[in-house]
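These are the residues of each chain, in order.
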Amino acid sequence: MSASPDPRFTPAAQSDEALLEAHEKLLGRQPDSGGHYSLMPLGLLFLFSGLILFAATYLNRYSGHYAPTVFNENSVPSSGEAEVKVDPVAMGKRLFNTPGACVQCHQAAGTGMPGVYPPLAGSEWAQGPADRVIHILLYGLQGPITVEGKSFGTAVMPAFGSAGFNWSDDKIAAVLTYVRQEWGNKGGPITADQVQAVRSKAGNRAAMTAAELEAIK
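Please read these numbers as outputs of a predicted model, since none were measured by experiment. (Residues numbered from 1 in each chain as written. Predicted model: local features only at pLDDT ≥ 70, side-chain atom pairs only at ≥ 80, totals over all residues. Heavy atoms only, no water.)

1. A closer look at the state of the cysteines
In the structure shown here, the tally under the stated rule is zero disulfides. A disulfide-free cysteine, Cys 102 has its sulfur positioned 8.6 Å from the sulfur of Cys 105, the nearest such atom. Cys 102 gets classed as buried once you look at its relative accessible area, which sits at 6%. (Disulfide = S-S within 2.5 Å. Buried < 20%, exposed > 50% of the residue type's maximum accessible area, 1.4 Å probe, protein only.)

Here it is in structure tokens:
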């Protein structure tokens, strides 16, 4: 009966060269079979990066350096032509003749109504100091007043710079400029800055009296 072969002396199933080759494969770089690698995410990354670059370039070129005057939702639409400045005398005349405003009492010819509404044509008040007439239109007038030697005082002049009319500085200036240069009057023009200065200094107050107006030089 033959003895069982000693495993220590049994030849290997593979040669040494085959084992070395197998070890090299195991030690080498293996493919990332679990990463599910795809070119799609990389393509999207480049696409969005390009869009961001384009947007940044567009804004830098056409934003107008973010100046507030480039786009103003409150601005008046323009035809592209040079802006025409408003004639204050023409604007003042239109406001003066607005129904319910100055023309109702002082009449279109500036003659007023005897004993009730004083005239503006030839009036020393209308042609007097700028601050004085600004006070009259801003705050109104109450009590008796003498114009060209005649007394008036049965009616109260309303305030055009506050509730009711609430005219802006530009409108006040335009009407006064018109009155001071119409019907042969020789008064100088009034600016919106002058009106604003009086409004800021006087603040909110009651109607003026002739005595208070005479104190304004």
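Anyway, onward from the coordinates.
2. Description of the nonpolar core
Membership of the largest hydrophobic core comes to 36 residues, with the highest contact counts inside it found for Trp 167, Ile 172 and Ile 190. Contributions of two or more residues to this core are made by α3 (88–96), α5 (130–139), β1 (145–147), α6 (169–181), α7 (192–202) and α8 (210–214). (Core = buried A, V, L, I, M, F, W, Y, C linked by side-chain atoms within 4.5 Å. Helix = DSSP H or I, 4+ residues; strand = E, 2+ residues; numbered from the N terminus.)

3. Side note on the packing of α5 against α7
Between α5 and α7, the least distance of the axes is 10 Å, while the angle of their chain directions is 70°. When the interaxial angle is binned, α5 and α7 end up roughly perpendicular. Like other packed secondary-structure pairs, α5 and α7 cross with a definite hand, here right-handed. Every residue of α7 that contacts α5 at Ala 130, Asp 131, Ile 134, His 135, Leu 138 and Tyr 139 is listed here: Gln 194, Val 195, Val 198, Arg 199 and Ala 202. Taken together, the residues that form the contact of α5 with α7 break down as seven nonpolar, two polar and two charged. (Axes fitted to C-alpha atoms, helices over the stretch in contact; angles between N-to-C directions. Parallel < 35°, antiparallel > 145°, perpendicular 65-115°, else oblique. Left-handed = near helix turned anticlockwise from the far one by under 90°. Contact = heavy atoms within 4.5 Å. Nonpolar A, V, L, I, M, F, W, Y, C, P; charged D, E, K, R; others polar.)

4. Thoughts on unusual backbone geometry
A positive phi angle is found at Gln 107, which is not glycine, with a value near 70°. By the element assignment, Gln 107 lies in the loop between α4 (103–106) and α5. Overall, Gln 107 belongs to the partly exposed group, its relative accessible area being 28%. The phi dihedral of Glu 148 falls on the positive side, at around 50°, and the residue is not glycine.

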